[in-house]
Amino acid sequence: MISYIIRRLAIAVPTLVLLVVACFFMLHFAPGGPFTAERPLPPQVLANIEARYGLDQPLWKQLWDYFANIVLHFDFGPSFVYKDRDVNDIIAQGFPISLTYGSLAFLAATLAGTALGIAAAIRHNSWIDYTAVSLGIVAQALPNFIMGPILILTFTLWLGWLPGGGWNGGQWPYLVMPVIALSTSYMGNIARITRSSMLEVLNSNFIRTARAKGLPERTVIWRHALKPTLLPVISYLGPVFVYVLTGSVFVDLYFSTGGLGQAYVSSALTRDYAVLLGVTILYGTLTVLVNLVTDLAYAWFDPKIRY
C-alpha cells in the first residue's frame, strides 16, 4: 500500500507540472492581456507595467521563474489586478470559505442521498421507494444556479427567515442556503446510484445464502449488503468533492460568500493570469489527492482489491 501511494504521488507531480504548463501557454496565447482590457495605455506606461510583473521576459523565463518561486518560496506571485494583494492572500481568504460550505454540502448530499437510496431499495416498489425516487428526480433537476434564486426568493424575500447573502464568519444562518443550493443535485445523483446498486446487491447469490441461513434482515443489510453497495457510490464521491468546490461559482455569486469561486471567475474576466494559475494548481492538487483517497477507500470497502 505504501509503495502504491508513493507511485501515485510520483505520477501526480508531472501531471500537475503539465497542467500548469498547458494553462500558462493557453493564457498567454489568448488574445488581449491583463492590462489591455480598458482604454489603451501609452506604450511607455504599458512597458513599465509589464516590466514590473516580468511580462517583458521571454515566456520560458516567465515560466521558469514561476516554478522557482513556487518550489523555493511557495509564492504564487502578485495579482495583476489587486495592487496590494498577492495570489497567496486571495487563496488564503477565499479557500477556507469555499472549503467550509463545500464540505458541509458534500456531507449533506452524501448522507441524505445514501439514506434515500438505501430506503428506496429496501422498500422496493412501496410508497417509500416512489417518494425517494421522486425526491431524487426533483433534486437532480435543480442545479445550484436554479436553487440559489429559488432559496433567496423563498427564505429571504418571502418568509424572511434567512439572510440573503454574506458570510459573517460562517454563522449557521449564512450557511444554510449555500449548503442546500450546492448539495441538492448531487444528493439526487447519489440516491439514484445507491438505490440501483443496493437492488443489484440484494439480488445477489451471497445475499440469498445469508437469508437462507436465517440471518435477520437487518444483519443482512448492514453487515453483508452495505459495503458492496457503496463501491460505485465511492467512485462517484471522489470527483463530486472536487466538483462541489469548483462548482461553487454560482453559490459565491448568488450569496456573496466571498469564496474562491468568485475570485476565479473575476480573474478569468480580467485576465489575472497569476490568480488563474494559482487556483488551477490548487484545484488540480485537490483532484489528485481526492482521487488517491478514493482509490484507498475503494480497497478498504472491497478486500479483493490489492495494490
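Residues numbered from 1 in each chain as written. Predicted model: local features only at pLDDT ≥ 70, side-chain atom pairs only at ≥ 80, totals over all residues. Heavy atoms only, no water.

## Some thoughts on the packing of helix 4 (residues 87-122) against helix 12 (residues 273-301)
Turning to step 1, where the next piece is worked out: Where helix 4 meets helix 12, the closest approach of the two axes is 9 Å, and the angle between their N-to-C directions is 50 degrees. By the angle class used here, helix 4 and helix 12 are oblique. Here helix 4 runs over helix 12; the crossing is right-handed. In this structure, helix 4 uses Val87, Ile90, Ile91 and Phe95 to contact helix 12, whose residues at the interface are Ala274, Val275, Gly278, Val279, Leu282 and Leu286. (Axes fitted to C-alpha atoms, helices over the stretch in contact; angles between N-to-C directions. Helix = DSSP H or I, 4+ residues; strand = E, 2+ residues; numbered from the N terminus. Parallel < 35°, antiparallel > 145°, perpendicular 65-115°, else oblique. Left-handed = near helix turned anticlockwise from the far one by under 90°. Contact = heavy atoms within 4.5 Å.)

## Structural notes on the environment of leucine 142
Turning to step 1, where the next piece is worked out: Structurally, the position occupied by leucine 142 is in the loop between helix 5 (127-140) and helix 6 (144-158).
Turning to step 2, where the next piece is worked out: Note: C-alpha distance between leucine 142 and isoleucine 97 (45 residues apart in sequence) is 23 Å.
Turning to step 3, where the next piece is worked out: Filtering out sequence-adjacent residues up to four positions away, leucine 142 remains in contact with Met147, Ile150, Thr184 and Ser185.

## Points about a nonpolar patch on the surface
Turning to step 1, where the next piece is worked out: Taken together, the side chains of Phe145, Ile146, Ile150, Phe250, Leu253 and Tyr254 make up a nonpolar region of the molecular surface, amounting to roughly 490 Å² of accessible area.
Turning to step 2, where the next piece is worked out: At the level of elements, helix 6 and helix 10 (249-255) are the ones that each hand at least two residues to the nonpolar patch.
Turning to step 3, where the next piece is worked out: For leucine 253, the position within the fold is in helix 10.
Turning to step 4, where the next piece is worked out: According to the relative accessible area criterion, leucine 253 is partly exposed, its value standing at 43%. (Patch = residues over 30% accessible without salt bridge, like charges linked within 9 Å, V, L, I, M, F, W, Y side chains within 5 Å. Areas by Shrake-Rupley, 256 points an atom, 1.4 Å probe, with all protein chains shown as cover. Salt bridge = Lys/Arg side-chain N within 4 Å of Asp/Glu carboxyl O. Buried < 20%, exposed > 50% of the residue type's maximum accessible area, 1.4 Å probe, protein only.)

## A few points about the nonpolar core
As a rule of thumb, nonpolar side chains are buried together in soluble globular proteins.
Turning to step 1, where the next piece is worked out: Counting 73 residues, the largest nonpolar core has Tyr66, Ile91, Phe95, Tyr101, Met198, Leu260 and Leu277 as the members making the most contacts within it.
Turning to step 2, where the next piece is worked out: In terms of residues, this core owes the most to one element, helix 9 (residues 217-246), which gives 14 residues.
Turning to step 3, where the next piece is worked out: Not counting the four nearest positions on each side in its chain, leucine 260 is found in contact with Ile90, Ile91, Gly94, Phe95, Ser98, Asp252, Val279, Leu282 and Tyr283. (Core = buried A, V, L, I, M, F, W, Y, C linked by side-chain atoms within 4.5 Å.)

## Topic: the side chain of serine 79
Turning to step 1, where the next piece is worked out: Counting through the fold element by element, serine 79 comes out in the loop between helix 3 (59-73) and helix 4.
Turning to step 2, where the next piece is worked out: Of the residues examined, serine 79 reaches a relative accessible area of 1% and is grouped as buried.
Turning to step 3, where the next piece is worked out: At 3.2 Å, the side chain of serine 79 and the backbone nitrogen of valine 81 are in polar contact.
Turning to step 4, where the next piece is worked out: Discounting chain neighbours no more than four positions away, the residues touching serine 79 are Tyr53, Arg85, Asp86, Val87, Ile90, Asp272 and Val275. (Polar contact = N/O pair within 3.5 Å; in protein donor to acceptor, adjacent residues only side chain to side chain.)

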